[in-house]
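Per-entry structural report
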Amino acid sequence: MRTPTTGLDTATGTDDEAVPPVRLAASAATVLVQPTTLCNLDCAYCYLPERAVAKRMPLQVADAVAAGVHEWARSHPVRVVWHGGEPLAVGLPHFRRLLERFTTNAPEETHPVIHAVQTNATLIDDAWCELFASWPVVVDISIDGPGPANAARTDRGGKDSTAHALRGAAKLRAAGIDFGMIAVVSDPTPQTARELYAFALEVGCRSLGVNLAERKGVHTLPGQRPSAHVVAFWAELAACWQANPALWVREFAQAYSYIRAELAGHALQRAARELSPLPMVCHNGDVVPIGPELAGFTHPEHGPFITGNVLHTPLARLVAQAPGVPWVAEALNGVRACRNACDYFAYCRGGQAANKYFETGHLDATETTYCRTGKIDLMEGILAHAQHRP
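So, a few notes on the structure that sits alongside this text. (Residues numbered from 1 in each chain as written. Predicted model: local features only at pLDDT ≥ 70, side-chain atom pairs only at ≥ 80, totals over all residues. Heavy atoms only, no water.)

1. Comments concerning the overall build of the chain
A tally of regular secondary structure across the chain gives 14 helices and eleven strands. Since a compact globule built from 390 residues should have a radius of gyration of about 21 Å, the 21 Å found for the chain is in line with a globular shape. With the C-alpha coordinates aligned to their principal axes, the bounding extent of the chain is approximately 55 × 45 × 40 Å. Restricting to contacts in the chain with at least 6 residues of sequence separation, those with at least 24 account for 74%. For the chain, the separation between the mean place of its 33 positive charges and that of its 38 negative charges on side chains is 2 Å. (Helix = DSSP H or I, 4+ residues; strand = E, 2+ residues; numbered from the N terminus. Rg over C-alpha atoms; globule rule 2.2 N^0.38 Å. Contact = heavy atoms within 4.5 Å. Lys, Arg positive; Asp, Glu negative; His and termini not counted. Charge placed at Lys NZ, Arg CZ, Asp CG, Glu CD.)

2. A closer look at the nonpolar core
Burial of nonpolar side chains together is a common tendency in soluble globular proteins. By size, the foremost hydrophobic cluster in this structure holds 107 residues, and its most contacted members are Trp82, Phe132, Ile141 and Met181. Ranked by residue count, the leading element in this core is helix H2 (residues 59–73), at eight residues. In this view, Met181 contacts Asp140, Ile141, Ile143, Leu196, Phe199, Ala200, Cys205, Ser207, Leu208 and Gly209; residues no more than four positions away in its chain are not counted. Of all hydrophobic cores here, the second largest spans nine residues; its members include Tyr45, Leu48, Val184 and Ala213. (Core = buried A, V, L, I, M, F, W, Y, C linked by side-chain atoms within 4.5 Å. Buried < 20%, exposed > 50% of the residue type's maximum accessible area, 1.4 Å probe, protein only.)

3. Here's the deal with empty space enclosed by the protein
Summed over the entire model, instances satisfying the criterion amount to one cavity of 30 Å³ or more. One number sums up the size of the largest cavity: a volume of about 60 Å³. Forming the walls of the largest cavity are twelve residues, and the residues nearest its centre are Pro21, Val22, Ala271, Arg273 and Phe345. Sorting the residues of the lining of the largest cavity by element identifies helix H9 (267–272) and helix H11 (326–341) as the ones contributing at least two each. (1 Å grid on protein atoms, 1.4 Å probe; cavity = no way out; pocket = protein on both sides within 12 Å on 5 of 7 lines; lining within 4 Å. Points joined across faces, edges and corners; volume = space filled by probe spheres on them.)

4. Focus on the packing of aromatic side chains
For the coordinates displayed, the defined rule picks out twelve aromatic pairs. Measuring from ring centre to ring centre gives 5.5 Å for Phe95 and Trp128, while their planes differ by 65°; the resulting arrangement is edge-to-face. Pair noted here: Phe95 is in helix H3 (residues 92–100) and Trp128 is in helix H4 (residues 126–134), with a separation of 33 residues, a long-range link. According to the relative accessible area criterion, Phe95 is buried, its value standing at 0%. The exposure class assigned to Trp128 is buried, which follows from its relative accessible area of 5%. An angle of 70° between the planes, with centres 5.0 Å apart, marks the rings of Phe233 and Trp234 as edge-to-face. Grouping aromatic residues by their ring pairs yields a cluster made of Trp82, Phe95, Phe102, Trp128 and Phe132. Above the ring of Tyr347, the side-chain terminus of Lys375 is found at 5.2 Å from the ring centroid. (Phe/Tyr/Trp six-rings, centres within 6.5 Å; stacked < 30°, edge-to-face > 60°. Lys NZ or Arg CZ within 6 Å of the ring centre and 35° of its normal.)

5. Details of the side chain of Glu330
Structurally, Glu330 can be placed in helix H11. One buried charge, Glu330, has no salt-bridge partner; the nearest side chain with opposite charge is Lys356, at 9.9 Å. Engagement of the side chain of Glu330 in a polar contact is seen with the side chain of His302, the distance being 2.9 Å. (Salt bridge = Lys/Arg side-chain N within 4 Å of Asp/Glu carboxyl O. Polar contact = N/O pair within 3.5 Å; in protein donor to acceptor, adjacent residues only side chain to side chain.)

6. Section: the pairing of strand S5 (residues 179–185)
Counting buried residues in S5 gives seven out of seven residues, a clear majority hidden from the surface. A two-sided burial pattern is seen for S5, the buried positions comprising Phe179, Met181, Ala183 and Val185 on one face and Gly180, Ile182 and Val184 on the other. One crossover worth recording links strand S4 (residues 137–142) to the parallel S5 by way of helix H5 (residues 162–174), and it is right-handed. Strand direction decides the pairing type here: S5 and strand S6 (residues 207–212), joined by six bridges, are parallel. Bridging across to S6, Gly180 finds its partner in Ser207. (Right-handed = clockwise from strand over helix to strand, strands pointing away. Pairing = 2+ DSSP bridges.)

7. A few points about the environment of Leu172
Structurally, Leu172 is set in helix H5. The buried category is assigned to Leu172, whose relative accessible area is 0%. Among all residues touching Leu172, those that are not within four sequence positions of it are Ile124, Cys129, Phe132, Val139, Ile141, Ile177 and Phe179.

8. Quick notes on the state of the cysteines
Counted according to the given criterion, the structure contains zero disulfides. Unpaired in terms of disulfides, Cys46 finds its nearest cysteine sulfur in Cys43, a separation of 6.3 Å. (Disulfide = S-S within 2.5 Å.)

9. Focus: the sheet that holds strand S2 (residues 78–82)
If you trace the nine strands from one edge of the open sheet to the other, you get S7-S6-S5-S4-S3-S2-S1-S8-S9, paired in mixed fashion. The open sheet has two free edges, formed respectively by strand S7 (248–249) and strand S9 (287–288), since each of these has just one partner strand. Pairing between strand S8 (residues 280–281) and S9: two bridges, direction antiparallel. Paired with Val281 across the bridge in S9 is Val287. Of the strands in this sheet, S4, S5, S6 and S7 touch helix H6 (residues 190–203), which is tilted by about 160° from S5. (Axes fitted to C-alpha atoms, helices over the stretch in contact; angles between N-to-C directions.)

As structure tokens, then:
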């Protein structure tokens, strides 16, 4: 399949003076916040190093995060995503107190601050639903599909968690709370795609995000999937979505946004935009400004993958100064290398720092398995579906 032309380096060459420099934006539209390291599940593919340890976020850290978020909200909307561990494992009383720090003495801002939670849904009950509805909090649940597809998501006793997660989803539906679903796919085949889409419709979610199981953190992936299998998976998922577009599919929204820009001749402008930081604020206040999955890990030369701590330096400053930190600078060099080498740069914007590091040991690497299966094969699958549709 012929790769798309971005109109950037393939058209102008790789002379650094011919293309805009790679820049990291000084503020973040999305902030990940870790209320606790603990997770009540023990998923086989989980990358988190401390998921069996209960470390929870002090209120002082939440105060510092809130100050940075409100500063950014004067310029643009900000989404605060509570991410774990399992966020609900911190307990409802403490979670409520963390949320309340974002209203206590909060300055007036021009744009909204939206709270969201990524949860495995097993702990959701009526009390949690009341909190989600009254705050409000946008909810996304993690479940991988029907039957064996969810087998990797066991509790700490090795028991299947599916029934508990579905009970949590039912609680959300009964309370009238819309929710999204994120699934990790370990065996991408056309049949898997059909079963996953049908399952998502049955669960009653508003949206679907798909992550292919990958080598990351403490999880290692045995072998590489044939590209043709992954392309077929994405093509079949595209066919299911077209046949019944009742769900917003995250991967297709991203891909079609790029395709529209390409067809409109705007790919050059898309590729030239500043990169958006995606800071993770760890339970103790440490900040990972890009590659949130790097949280808790240490580079052999650069040290911990952080730029500082919000208890000592304001969040906005830690993100604005991130490009000057050696490991972040190395990751940005990797984005520059991607821009100069890959025809998909306007689409994926240089890949993910965490995938590059965990797959290759380097932050300035270029193509990874994640790039191929989650971006290139996805685009090829969409094009294959478009060519063969009636």
